[in-house]
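# Topology and contacts: notes
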Amino acid sequence: MTKLLKRRLGKRNRKIEISGDTDRLKQFRLSEDISDNIMRLKNIMNDSFDIKSRFFRIGGTDLQAAVLYIESLVNEEMIMNHLLKPLILQSTSVIESGVAVNFQTIKDSMLSIGSIQEAETFDEIVLGIMSGDTFLSVQGYTKGLILSAREYEGKPFGIPTVEPSVKGPQEAFVEILKKNLGLIRKRIRDPNLAFELYKIGKRSKSDTVIVYIKGIADQDIVDEVRGRLSSIDLDIELTAFQIGRLLVERPNSIFPLVQTTERPDKLVSAISEGRVAILINGSPDAILVPVTFPILMQSVDDYFENWLVASVIRFSRYIGLFLSSLFPALYIAVTSFHPGMLPTSLVLSIAATRAGVPFPAVIEAVLMEVILELLQEASIRLPKAVGQTVSIVGGLVIGQAAVQAGIVSPIMVIVISITAVTSFVIPDYSLSLATRIIRVPFMVLAVTFGSFGIAMGMLILLTYLSSLKSFGIRYLSPLTPYRFRDWKDTIIRTPLWTLTKRPEFLSPEDTNRAGPGKRRNKQ
Amino acid sequence: MKTEQLSAPQIMTLTVSAIFGVDVLVVQRELVTIARQDAWISLALGGILIILMGIVCYYLACLYPNMDFPQIILHVCGKFFGRLLLLPALVYDLLYTGLSLRIFAQALKMFLLSITPMVPIILFMALAAAYAVYKGIYTIGGIVDIIFPICAVTALSIIVLPLRQTIFSNLKPILFENTGNVIKGILPGFHQFTGFGIITFLFCYTRRTKGILKWYLAGLGIPIFLYVALTMVTIMVFGPSDVQSLIYPTLTLAKSIEFPGTFLERVESFVAVLWIGIVFVSVVLFLFKSTRNITVFLGLDTKYQSFVIWTQIPLLLGIALFIKNALEVIEFFSRMKYMDVILGLFVIPFVTAVALLKKRKETNQ
């Protein structure tokens, strides 16, 4: 019998295999069997772990009912006090007074919830649940009730501190997983949004959730994430950064092979492109995989501005990256090896500023670089107010004093200042740190081999970057291999209405982001 | 995880990079010595021959899509005779890589690092190239994809920027009582495009999509166009007599570029820096070829390939430093490239013909 029921339900469930949006569910109606309805709804919503259901009897009668809701979006206390309690306990008095128990009396007399709406088809029910409503199904009726018990609206969430943006949402993840999932649910009402729960850490058993959109994310990537997450053998799992380090192919790489974000809007945008996110209870950051170098150079602000402005800003970031890694090395190479490359007047001017400086350019650069690193580290460790003082003392006073004392040349102060400023334009903090690290080897190469050393250093770095992979995706994708379609959103960003396809390099199952008829937002 | 494969556009970039190399610095010299002002015609005719031979190479690769050149040659011609045919290709690739490193170091000393000894330059470049080969063909594909636009823009700049100084009459008279020399220049023109057969090494790693041949032909066409244009511009700027006396005509051409505003005073230094990338990918691809050749020639398992890569370094250093005189190196380099003519015009067509017969026999059976 059970087998028969399962087969029957399985058949029905297969019928409502959906992809894309809830519109396709319009044709499916509720059945009289509540367990059938609940199972189908769960199936539609990928059986995500935060979807909760409860079967019960109304007022001690034989009439069965069930509720279904998404834990991260509702106020469970409200459901308990205004839905379950009245239906299970308080309804007995209504029944004893002789009122017949049916769908209408449940709706009119037994619930103390403000907004109630009848629903018969799966599309409106699924949309309601995804929006944070609670669904009530009563045995024997082909219609149900959508009850409003939402909680997420107006709740205080964190403010982005590591990834601030000028425009756009100012919400950030917090340490509580349920709230973070709610922030994602709030933005995506697609039943294909899947949450898969894992317990990581032998002792901590931390709740870790894989988030992706079924039908968009490449199943190979999802399977790889599942596999790697399951194989983590940790005593206590603490933060997203720790997990990120354990998930990557090359843990020793100084370049970030997973992306961490504190912004729900960034996470939503990433999973809508076909990437996979990992959230951990107790960590206010999410991990996004796979990640590529061009992705790390993108900022959320790029999508809030006109495409031309965004493209120029993004391109300037690449210039910033180049200068941040190479500017001191280039200065050393040109002054020590190839002064003839520069115009004579500039060479003379540099030589004049360096007159009296006792150290060669490389020692000057290393000295200033060390001071800069110490200042940056000090300003992070100290409280905000004192941190600013350190910056001023370090940047202005020490710099000026060093020049006046003749320890360093003014031009070197300019070089190091430009290097420091340009390192701040890199949107990803981990990538910015990587550029700080590679600066020193480049200086060593510059002082040994001049511009040849820098060129060779760049080629070795390119080889290294080209060999890196993040969850099977080449780190330099889509710059290489050439995927011309994906270049629309790489170093430059073309108008939003041209970005109708999801990035090809992520191998999304559904490649279309929007149909031709949906390109109205021409900016 | 999905199996990784090279894309069709990567066939183009890899082919261009295999053909470009140190040759770009000296391509004009030898041809102008033979065909004088008509050197560019010899080069163009050599280019046409390259396209024909390229199609043969492509056809050979298609016959055995899961094997690379050394594997095909051993499979088609048998273990003994195959090795006999593979040996000149192996020696050629090693010589080409070693001498490329030497010519590169020489030019670099002349234009950028006058006091740095040659050995560290050669060693540094060889080790970096070995590292890239060690990382595998897909990594090489990635490097080449990034460097290709830089190469193309640099080459185009060298061609376009000196146009103000060109004297068209330097190209005249065209084919006047010089046809014999032009024909004589076809074979030297042919060997300027050494590396064209890289498709036979890449095809087995490539995603089978339509248009591989189209991209491969584009990969052959781009260097042909650039070399011909470069030769024409060099002749037009310096005249055929002066070109013969220039050791590195391309760098001298870059030296002749004058920027208004004098922001850049020594353009040739910048060209030399950008050219490092061009030589690097060329050396990487030839080292990759020689690694595959040696591995298959010695019948080694692929897991020993990394060992083969690093053991070639001392050998390359020896080849690079074997000849003392700078000019003799360039002369030997030009003469040595006739080996490629033999390989391209005889060995590859022969192997293809045998492969065809073998395939036909197999089909009949």
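None of the values given here were measured: they were computed from a predicted structure. (Residues numbered from 1 in each chain as written. Chains lettered and ligands numbered in written order. Predicted model: local features only at pLDDT ≥ 70, side-chain atom pairs only at ≥ 80, totals over all residues. Heavy atoms only, no water.)

### Topic: the interface of chain B and chain A
At the interface, 42 residues of chain B touch 37 residues of chain A. Contact between chain B and chain A buries roughly 3200 Å² in total, counting both sides, with carbon and sulfur atoms accounting for 70%. Counting the contacts that link chain B with chain A gives 6 residue pairs in polar contact (both at pLDDT 80 or more). For the side of chain B that touches chain A, the secondary structure elements donating two or more residues are α1 (8-19), α5 (79-111), α6 (118-134), α7 (137-160) and α14 (267-297) of chain B. (Contact = heavy atoms within 4.5 Å. Buried area = accessible area lost by both parts, 1.4 Å probe. Polar contact = N/O pair within 3.5 Å; in protein donor to acceptor, adjacent residues only side chain to side chain. Helix = DSSP H or I, 4+ residues; strand = E, 2+ residues; numbered from the N terminus.)

### Focus: the sheet that holds strand β2 (residues 64-70) of chain A
All names here are of chain A. If you walk across this open sheet you meet the 5 strands as β1-β2-β4-β5-β3, and the pairing is antiparallel. This sheet does not close on itself; its edge strands, each paired only once, are β1 (51-57) and β3 (116-119). The sheet shows a mean angle of 25° between the axes of neighbouring strands, taken without regard to direction. For strand β4 (residues 133-138) and strand β5 (residues 144-148), the ladder comprises 5 bridges, and the chain directions are antiparallel. Across the sheet, F135 pairs through a bridge with I146, a residue of β5. (Pairing = 2+ DSSP bridges. Axes fitted to C-alpha atoms, helices over the stretch in contact; angles between N-to-C directions.)

### Points about the domain arrangement of chain A
Residue and element names in this part refer to chain A. Taken domain by domain, chain A holds domain 1 (2-148), domain 2 (177-291) and domain 3 (307-474). One C-alpha centre belongs to domain 1, the other to domain 2; they are set 30 Å apart. On the domain 1 side of the contact with domain 2, N46, F49 and M130 bury the most area, a combined 41% of that side's loss. On inspection of domain 1 and its partner domain 2, the count reaches 2 salt bridges. Here K178 ties to E76 by a salt bridge, and the two come within 3.9 Å at their closest N and O atoms. Inspection of the region where domain 1 meets domain 2 yields 6 residue pairs in polar contact (both at pLDDT 80 or more). Top contributing element to the side of domain 1 that touches domain 2 by residue count: helix α5 (residues 122-130), with 3 residues. Looking at side-chain class alone, the side of domain 1 that touches domain 2 contains 11 nonpolar, 7 polar and 3 charged residues. (Domains from an automatic or database assignment. Salt bridge = Lys/Arg side-chain N within 4 Å of Asp/Glu carboxyl O. Nonpolar A, V, L, I, M, F, W, Y, C, P; charged D, E, K, R; others polar.)

### What to know about the sheet that holds strand β7 (residues 206-213) of chain A
All names here are of chain A. Taken in spatial order, the 5 strands of this open sheet run β6-β7-β9-β10-β8, and their pairing is antiparallel. Of all strands in the sheet, those with a lone pairing partner are β6 (193-200) and β8 (259-261), marking the two edges. Strand-to-strand twist of the sheet, defined as the mean angle between neighbouring strand axes without regard to direction, takes the value 25°. Relative to β7, β6 runs antiparallel, the two sharing 8 bridges.

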